[in-house]
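Here is what each chain is made of, one letter per residue.
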Amino acid sequence: MSDGDLISELYADCFRRLVVQLYAVTGDLTEAQEAVQEAFTRALVSPRRFAALENPEAWLRRVAVNWARSRYRRRRVLDGLLRRIGPPPAVADHSPEHLALLAALRVLPEGQRHALALHYLVDLPVDEVAATLGVSSGTVKSRLSRGRVALAALLADTDTSDATSTGTGTGTKCASDATETGRIDVRS
């Protein structure tokens, strides 16, 4: 039997049993699963040494428990540091416009979203955005241009649906006309 087959067989035989045991130690099922997975990952790093163990399941259990303890200690230290720092800063704006902007940004392709956020929200110049993203300035300018157009279209659709649903369209067309075309005419 190869070393990989031994680990696969052991995984099938004792993964659940190890998770149940670690669940009793950690009190968190997800934490227990992660600990056992980490133990198997470490076994895969040196499969020959693992295959030579007298009791591989005991070794996996020990590694998983040690990993869970280390993680608990690190989390406790981090929690203490966070208590000293104080509560996290409040989100700047909970207005509907701000939330609509964030939702629209999430729809954009990643490159456009990053370029827009770094340029307009972080106030970085185009050259710094290019250096941060590892692309040329021309690429950043293109992403900014395309992102602004896409963002304007997304926000216009949001404004239209809000105006249509409330019946407060601004312009010469009424809300019923706006629902037929999907847009409100604001040229008046």
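One can find the structure itself at the top, above this paragraph.
What counts and how
- Residues numbered from 1 in each chain as written.
- Predicted model: local features only at pLDDT ≥ 70, side-chain atom pairs only at ≥ 80, totals over all residues.
- Heavy atoms only, no water.
- Salt bridge = Lys/Arg side-chain N within 4 Å of Asp/Glu carboxyl O.
- Helix = DSSP H or I, 4+ residues; strand = E, 2+ residues; numbered from the N terminus.
- Buried < 20%, exposed > 50% of the residue type's maximum accessible area, 1.4 Å probe, protein only.
- Phe/Tyr/Trp six-rings, centres within 6.5 Å; stacked < 30°, edge-to-face > 60°.
- Expected span 1.5 Å × (residues − 1).
- Arc of directions from axis to C-beta.
- Core = buried A, V, L, I, M, F, W, Y, C linked by side-chain atoms within 4.5 Å.
- Contact = heavy atoms within 4.5 Å.

Under the counting rule described, the total for this entry stands at six salt bridges. Here R17 ties to E57 by a salt bridge, and the two come within 2.8 Å at their closest N and O atoms. Here the residue R17 occupies a position in helix α1 (residues 3-26), and E57 occupies one in helix α4 (residues 56-85), the gap between them amounting to 40 residues. With a relative accessible area of 40%, R17 lands in the partly exposed category. Measuring nitrogen to oxygen at the nearest pair gives 3.3 Å for the salt bridge that ties R71 to E31. Of this pair, R71 sits in helix α4 while E31 sits in helix α2 (residues 29-45), and the two are 40 residues apart along the sequence.

If you walk through the whole model with that rule in mind, you get four aromatic pairs. Between Y11 and F40, the aromatic rings sit 4.9 Å apart at their centres with planes inclined by 75 degrees, giving edge-to-face as the arrangement. Pair noted here: Y11 is in helix α1 and F40 is in helix α2, with a separation of 29 residues, a long-range link. Among the residues examined, Y11 registers a relative accessible area of 37% and is labelled partly exposed. Judged by centre distance (6.5 Å) and plane angle (45 degrees), the rings of F15 and F40 are tilted. Residue F15 is located in helix α1, and its partner F40 is located in helix α2; the two are separated by 25 residues in the primary sequence. Exposure class is identical for F15 and F40. Each is buried. Joined through ring pairs, the aromatic side chains of Y11, F15 and F40 make up one cluster.

An α-helical segment advances 3.6 residues per turn. Residues three or four places apart therefore align on the same side. If you check helix α5 (residues 96-107), its first and last C-alpha atoms are 17 Å apart, about what 12 residues at 1.5 Å a residue would give, namely 16 Å. Listed in full, the buried residues belonging to α5 are A100, A104 and L105. When α5 is viewed along its axis, its buried side chains cluster within an angular range of 135 degrees and face the same direction.

Before going further, it helps to examine the nonpolar core. Nonpolar side chains tend to gather and get buried jointly when the protein is soluble and globular. Formed by 21 residues in total, the largest nonpolar core has its most connected members in L22, V36, F40, F50 and L60. Elements with a minimum of two residues in this core: α1, α2 and α4. In this structure F50 touches I7, L10, A43, P56, W59 and L60, once residues within four positions along its chain are discounted. Counting 13 residues, the second largest nonpolar core, distinct from the first, contains L108, L118, A130 and V140.

In this model, D123 sits at a positive phi of 65 degrees, which is unusual for a non-glycine residue. Mapping D123 onto the fold places it in the loop between α6 (110-121) and α7 (126-133).

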